[in-house]
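Residue-level structural notes
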Amino acid sequence: MTFYGSSEEHDPVTWVRGHAIYAAHLVALVFVASMVIAGGLMAFHVGYLLDWLSFSSPAVLHGEVWRIFTYGLVNRPTHDRVLWFAIDLLMIVWFGREVEKFFGRTKFLVLYGGIYLLTPLLFTVLGPWMPTMLDGETGAFAMFIAFAALYPNVPIFFSLLAKWCAIILVGIYSLASLAEHDWVPLLSLWATTAFAYGYVRYEQGRISMPRLRWPRRQAKLRVLPDLPAKKPSAAPPADSSMAEVDALLDKIAQSGIRSLTAKERARLDAARETLKRRADR
C-alpha cells in the first residue's frame, strides 16, 4: 500500500528510539501543544487571549489577517471537544502519514496547507454576506478523503472499503447540516472534500488544470500608399572588348601564347581580371 521513493522526500523527518517520525506526526504534535497551551491559559483565567486567534470574517475584513492562519490553534480542552480532537489527531497521523509516504513531504504539506487555509479563505470571501467565526479546525476529515482517493479499495472499518466509508460519512455529515440549516460546516465540508480529492487526482495525473486561452489581438491591416513604379534599368551595354579577347584567344590557339605581343598580353590580363571581379560579386 505504501510507496517509497528514492528521494529524501519520502523518508521520515527523523527517528526517535527506532520509530519513524513524519511531517504528519509533527502536525499532530503542534495541535497537541496548542491544546496544552489553551488549557493553561484557561486555568489562569486568561483564556480570553485565545479570542485574538480565532477566525472571524468581520475581523479579517478589517485587517486582522493573522486569524486566517491561527484559527486552528484555538483548541480549548472542554469535555465536548476532547474526544473529537483525539480522533482528529489519530486521523492525521494514520491517514496523513500514508499520504505523505506516497507523495512525499513537500506535496503532503501543500495538501494539508490547502485544506487548512481553504475554509477561512472561503468565508473571508463570503464574509460580507455570511459573517462567520471558526476555531479549532484541524482538517483531519479532508485528509481521510485524500487517503480514500489514493487507496479507495483498502478496507477500513469492518472490511468496509475506504471509498465507501468516505462516501457514507460525507453523505451523513451533509444530511445533518442540511437538516439543521447549518451552512458553515456544510460549505466547509464540501470545499475541503473537493480540494483533497482533486489534489490527489491531479498529482496522479488523472485530471489536469484548465488552460486559459486569452483572446489574441488581431493585427490591423494598414493600407500602404502607392509607390511610383520602378523603371526597368537599361541593359548594360555589351562589352566591345570581348571580341578583341576572343581574337586573342584564337591567335593563342593557332600560334601559341608566345605569338602575343606585350600589348596583347596586357590586354588579355586586363580582361581576365575584369572577369574575375565579376565572378566574385
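Residues numbered from 1 in each chain as written. Predicted model: local features only at pLDDT ≥ 70, side-chain atom pairs only at ≥ 80, totals over all residues. Heavy atoms only, no water.

Between side chains of opposite charge, a pair can form when the charged atoms approach closely. In total, this model carries seven salt bridges according to the counting rule given. Arg76 is the salt-bridge partner of Asp135, the closest N and O atoms lying 3.2 Å from each other. Separated by 59 residues along the polypeptide, Asp135 in the loop between strand E4 (133–134) and helix H6 (140–150) and Arg76 in the loop between helix H3 (67–70) and helix H4 (79–103) bring together distant segments of the chain. Exposure remark for Asp135: the relative accessible area of 22% places this residue in the partly exposed category. We classify Arg76 as buried; its relative accessible area is 18%. With a closest N to O distance of 3.5 Å, Asp135 and Arg81 form a salt bridge. Pair noted here: Asp135 is in the loop between E4 and H6 and Arg81 is in helix H4, with a separation of 54 residues, a long-range link. (Salt bridge = Lys/Arg side-chain N within 4 Å of Asp/Glu carboxyl O. Helix = DSSP H or I, 4+ residues; strand = E, 2+ residues; numbered from the N terminus. Buried < 20%, exposed > 50% of the residue type's maximum accessible area, 1.4 Å probe, protein only.)

Between H4 and H6, the shortest axis-to-axis distance is 8 Å and the interhelical angle comes to 40 degrees. For the element pair H4 / H6, the angle class is oblique. Crossing geometry of H4 relative to H6 is assigned as left-handed. On H6, the residues that touch Asp88, Met91, Ile92, Phe95, Gly96, Glu98, Val99, Phe102 and Phe103 of H4 are Ala140, Phe141, Met143, Phe144, Ala146, Phe147 and Leu150. Grouping the constituent residues of the contact of H4 with H6 by class yields 13 nonpolar, one polar and two charged. (Axes fitted to C-alpha atoms, helices over the stretch in contact; angles between N-to-C directions. Parallel < 35°, antiparallel > 145°, perpendicular 65-115°, else oblique. Left-handed = near helix turned anticlockwise from the far one by under 90°. Contact = heavy atoms within 4.5 Å. Nonpolar A, V, L, I, M, F, W, Y, C, P; charged D, E, K, R; others polar.)

Attention now goes to the packing of aromatic side chains. For the structure on display, the rule yields ten aromatic pairs. When the ring of Phe102 is compared with that of Tyr151, the centres are 6.2 Å apart and the planes differ by 90 degrees; the resulting orientation is edge-to-face. With a gap of 49 residues between them, Phe102 in helix H4 and Tyr151 in the loop between H6 and strand E5 (155–157) connect regions that are remote in the sequence. Three or more aromatic residues link up through ring pairs in this structure, and these residues are Phe95, Phe102, Phe103, Phe141, Phe144, Phe147, Tyr151 and Tyr173. (Phe/Tyr/Trp six-rings, centres within 6.5 Å; stacked < 30°, edge-to-face > 60°.)

The subject of this paragraph is the side chain of Thr119. Mapped onto the fold, Thr119 is located in helix H5 (residues 105–125). For Thr119, the side chain forms a polar contact with the side chain of Ser188, separated by 2.9 Å. Look past the residues within four positions of Thr119 in its chain and what remains in contact with it is Tyr71, Leu134, Ser188 and Thr192. (Polar contact = N/O pair within 3.5 Å; in protein donor to acceptor, adjacent residues only side chain to side chain.)

Moving on, we get to H5. Here H5 contains 21 residues, and its C-alpha end-to-end distance of 30 Å stays within 8% of the 30 Å for a straight helix at 1.5 Å per residue. The largest bend in H5 comes to about 35 degrees, at Leu118, with the proline Pro120 one to four residues further on. Taken residue by residue, H5 has Phe108, Leu111, Tyr112, Gly114, Ile115, Tyr116, Thr119, Pro120, Phe123 and Thr124 as its buried positions. (Expected span 1.5 Å × (residues − 1). Bend = angle between axes of the 7 residues up to and from the residue.)

Next up on the list: the confidence of the model for the protein chain. Here the protein chain averages 86 in pLDDT, while 81% of its residues score no lower than 70. Of all helices and strands in the protein chain, the one with the weakest mean pLDDT is helix H9 (residues 241–255) (70), whereas H3 scores best (97). Segment residues 1–6: pLDDT under 50, and 15 contacts once partners within four positions in sequence are set aside and those in other chains are kept. (pLDDT = per-residue confidence, 0-100.)

The topology assignment puts Thr132 in the loop between H5 and E4. Engagement of the side chain of Thr132 in a polar contact is seen with the backbone oxygen of Met130, the distance being 2.8 Å. Not counting the four nearest positions on each side in its chain, Thr132 is found in contact with Phe55, Ser56, Ser57, Pro58, Phe123 and Val184.

Its boundaries defined by the atoms lining it, the largest pocket holds a volume of some 1,300 Å³. If you trace the largest pocket, you find 39 residues lining it, with Trp84, Asp88, Glu137, Phe141 and Tyr173 closest to the centre. Looking at the lining of the largest pocket, the elements that each hand over two or more residues are H4, H5, H6, E5, helix H7 (162–179) and helix H8 (183–203). With nine residues, the top contributor of residues to the lining of the largest pocket is H4. For the lining of the largest pocket, the residue count by class is 25 nonpolar, eight polar and six charged. (1 Å grid on protein atoms, 1.4 Å probe; cavity = no way out; pocket = protein on both sides within 12 Å on 5 of 7 lines; lining within 4 Å. Points joined across faces, edges and corners; volume = space filled by probe spheres on them.)

Quick look at a nonpolar patch on the surface now. Taken together, the side chains of Leu83, Trp84, Ile87, Phe157, Phe158, Leu160, Trp164, Ile167, Ile168, Ile172 and Tyr173 make up a nonpolar region of the molecular surface, amounting to roughly 1,200 Å² of accessible area. Looking at the nonpolar patch, the elements that each hand over two or more residues are H4 and H7. Of the residues forming the nonpolar patch, the biggest block, five residues, is contributed by H7. Position of Ile167 relative to the elements: it lies in helix H7. Residue classification places Ile167 among the exposed positions, given a relative accessible area of 52%. (Patch = residues over 30% accessible without salt bridge, like charges linked within 9 Å, V, L, I, M, F, W, Y side chains within 5 Å. Areas by Shrake-Rupley, 256 points an atom, 1.4 Å probe, with all protein chains shown as cover.)

In this section: H4. The end-to-end C-alpha distance of H4 is 36 Å, a good match for the 36 Å that 25 residues give at a rise of 1.5 Å each. Regarding H4, the residues found buried are Phe85, Leu89, Met91, Ile92, Val93, Phe95, Gly96, Glu98, Val99, Glu100, Lys101 and Phe103. At its buried positions, H4 is contacted by helix H1 (23–43), H5, H6, E5 and H8. Phi for Gly104, located one or two positions after H4, is positive at around 100 degrees.

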